[in-house]
Every structure is written in C-alpha cells, then in structure tokens.
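Each chain is listed here by its residues.
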Amino acid sequence: MLQSFPKVAQNPPSSVAELLERAQDLVGFSFAELAAIAQVQVPSSLRNAKGWTGQLLELFLGASAGSKAEQDFPELGVELKTIPVNLAAMPLETTYVCIAPLLGLNGVSWEHSNVRNKLSQVLWIPIDGRREIPVAERTVGLPLLWQPNEAQEQQLRRDWEEITEAIILGQVESITARMGSALQLRPKAANSKALTAAYGASGEPIQTLPRGFYLKKEFTRTILCEGLGLGK
DNA sequence: CTGTGATCATTA
DNA sequence: TAATGATCACAG
C-alpha cells in the first residue's frame with residue numbers, strides 16, 4: 001500500500017475516512033521526525049510541556065486549535081486522544097475527558113452530559129510512551145476509532161450518575177478518585193489554590209478545587225486491546 | 001478564571 | 001510501585 005509522507009494539515013479533515021488516513025500516515029514515526037516536519041522543538045522532558053504530544057498530533061491531523069469545550073473534530077463528531085502506553089498496550093496515564101460542572105446540575109441527564117458527548121466517538125492514538133525512552137524517540141502507534149459498546153456505555157453511565165449525584169448532594173469534597181469503575185473525578189486546575197463554586201453539604205454555596213472527569217487506565221486498556229485485537 | 005492538551009510527584 | 005491529588009503551558 002502506498003504510504004504518503006506525513007505533513008502538517010492545512011485544514012480539518014472533511015471526513016472520518018480522511019482523518020483515519022492522516023492518522024495512519026503517522027504510524028511508526030518518531031516525535032523527532034514529526035517535530036522536524038512541523039518545525040517545532042522536541043522538549044527534553046514533558047515535565048514543562050505536558051500537553052506537547054497531543055498538540056503535535058493535532059497539527060498533523062488538522063484538529064481545530066483552541067480551548068473550546070467541544071470535540072476536536074466537531075463536524076465529524078470525533079474526539080482525539082493520544083494515550084501513552086507500554087509494550088503491553090497498558091496505558092501509562094489516566095485519560096482526561098472534560099471539566100466536571102459543579103453547579104446547575106439539576107435536570108442534567110447522562111444523555112446530555114458532556115462526558116457522553118466527548119466519548120461518543122474517540123480516535124485513540126497510542127504512543128510508545130515508555131519513560132525510559134527519550135521523548136524524541138517515542139513513536140506513534142496504530143490509531144483506533146472507537147465508539148462505546150452497550151456494556152461500556154452503561155458502565156460509564158453508572159459512574160457518571162453516581163458521581164453527579166454526589167456533586168448535587170454537596171459531597172464534592174468527599175468524592176475521591178476511587179469512586180467509579182471506569183470514570184473517576186479528580187482535581188483539574190492550575191494548582192491547589194484554584195477555586196470554583198460548588199454546592200456544600202447543606203446546599204449552601206462553597207468554593208472548591210475545580211474537578212475533571214478522567215478514564216481509569218484499566219478501562220482504556222480494554223478499549224485498546226479489544227479494538228486492536230490484542231486480546232486481554 | 002475556565003477549558004484545552006496532559007504528566008508529575010508524593011503517598012498509601 | 002501504582003494511584004491519587006497536584007501541577008505545567010497556553011488560549012480565550
């Protein structure tokens with residue numbers, strides 16, 4: 001099969017097929033190679049460049065830049081997630097999904113939740129992210145376009161409902177990352193001093209750390225292994 | 001400050 | 001040593 005050389009996208013993909021084509025063209029390339037093409041520097045460490053990998057791939061796939069609270073490819077209904085894995089395809093990190101609203105949740109249903117919207121269709125791009133490999137030498141893996149199956153959808157729904165219920169009841173501060181089987185709630189802020197409004201235990205307004213929804217590693221591992229036919 | 005992209009680093 | 005809670009950079 002003919003392999004086109006990857007290049008920085010000048011426009012968003014016009015179809016899912018085109019998006020997948022672009023992703024396919026990146027397979028096997030190292031970050032050093034891609035960074036050279038995109039004319040950006042490879043950080044020696046991701047310590048001060050935590051989102052670098054995801055943003056590098058966005059350049060090649062043509063994702064609309066910015067920090068809008070919507071999918072990366074709104075016209076295609078696709079969300080992009082780069083996920084560092086080891087040789088066993090085990091995710092090395094949890095996956096950030098979206099900010100968790102702490103107010104105005106009355107009447108919000110799973111069907112209309114941001115979590116469901118973001119996860120309705122995801123283009124997963126695994127990265128060989130082994131820590132012992134220099135960032136420049138890490139490579140892009142096989143892309144996987146995923147939609148939650150019935151069981152996964154219900155699992156996510158149960159977690160979301162449990163967590164959301166706790167938020168509504170003013171228990172945000174007692175929710176730990178242990179709650180939920182696939183989805184978890186964790187801090188998502190510039191630092192521990194950032195504050196946002198939420199409900200207190202008596203329904204009174206309080207200020208608390210902003211939270212975000214994340215996918216636990218094991219859930220993501222199952223997606224990748226089933227989707228890529230790697231067995232379990 | 002909120003939301004995007006996430007990984008770091010301390011602790012259990 | 002894995003997971004939780006904390007943090008980094010940047011756009012708007």
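Just above, that's the structure.
Visitor: Which residues make up the nonpolar core, and what values go with them?
Guide: The biggest cluster of nonpolar side chains holds 31 residues, and the ones touching the most others in it are Val115, Trp124 and Phe213. In this structure, Leu34, Leu56, Val78 and Leu80 belong to the second largest nonpolar core, which totals 24 residues.

Visitor: Describe the packing of aromatic side chains, with residues and values.
Guide: Considering all chains together, one arrives at six aromatic pairs under this definition. One residue, Arg186, lies across the ring of Tyr214, its end atom 4.1 Å from the ring centre. Sitting over the ring of Tyr96, Lys188 keeps its end group 4.3 Å from the ring centre.

Visitor: So what's going on with the layout of surface pockets? Which residues, and what values?
Guide: Approximately 1500 Å³ is the volume found for the largest pocket. Lining the largest pocket are 40 residues, and of these Lys50, Gly51, Gly54, Thr82 and Tyr96 lie nearest its centre. Elements that contribute at least two residues to the lining of the largest pocket include exactly α3 (52-61), β1 (79-85), β2 (95-99) and α4 (114-119). Per element, the largest residue contribution to the lining of the largest pocket is six residues, and it comes from β1. Tallied by class, residues from the lining of the largest pocket come to 13 nonpolar, 13 polar and 14 charged.

Visitor: Can you tell me about the packing of helix α5 (residues 150-168) against helix α6 (residues 217-227), naming the residues and giving the values?
Guide: Running from N to C, α5 and α6 cross one another at 170°; their axes reach a closest spacing of 13 Å. With respect to α6, the axis of α5 lies roughly antiparallel. In the crossing of α5 with α6, the sense of the turn from one axis to the other is left-handed. Note on element contacts: α6 touches α5 through Phe219, Ile223 and Glu226, opposite Gln152, Gln155 and Leu156. Grouping the constituent residues of the contact of α5 with α6 by class yields three nonpolar, two polar and one charged.

Rules used in this analysis
- Residues numbered from 1 in each chain as written.
- Chains lettered and ligands numbered in written order.
- Predicted model: local features only at pLDDT ≥ 70, side-chain atom pairs only at ≥ 80, totals over all residues.
- Heavy atoms only, no water.
- Core = buried A, V, L, I, M, F, W, Y, C linked by side-chain atoms within 4.5 Å.
- Buried < 20%, exposed > 50% of the residue type's maximum accessible area, 1.4 Å probe, protein only.
- Phe/Tyr/Trp six-rings, centres within 6.5 Å; stacked < 30°, edge-to-face > 60°.
- Lys NZ or Arg CZ within 6 Å of the ring centre and 35° of its normal.
- 1 Å grid on protein atoms, 1.4 Å probe; cavity = no way out; pocket = protein on both sides within 12 Å on 5 of 7 lines; lining within 4 Å.
- Points joined across faces, edges and corners; volume = space filled by probe spheres on them.
- Helix = DSSP H or I, 4+ residues; strand = E, 2+ residues; numbered from the N terminus.
- Nonpolar A, V, L, I, M, F, W, Y, C, P; charged D, E, K, R; others polar.
- Axes fitted to C-alpha atoms, helices over the stretch in contact; angles between N-to-C directions.
- Parallel < 35°, antiparallel > 145°, perpendicular 65-115°, else oblique.
- Left-handed = near helix turned anticlockwise from the far one by under 90°.
- Contact = heavy atoms within 4.5 Å.

Without other data, these values stay purely geometric and don't point to any function.
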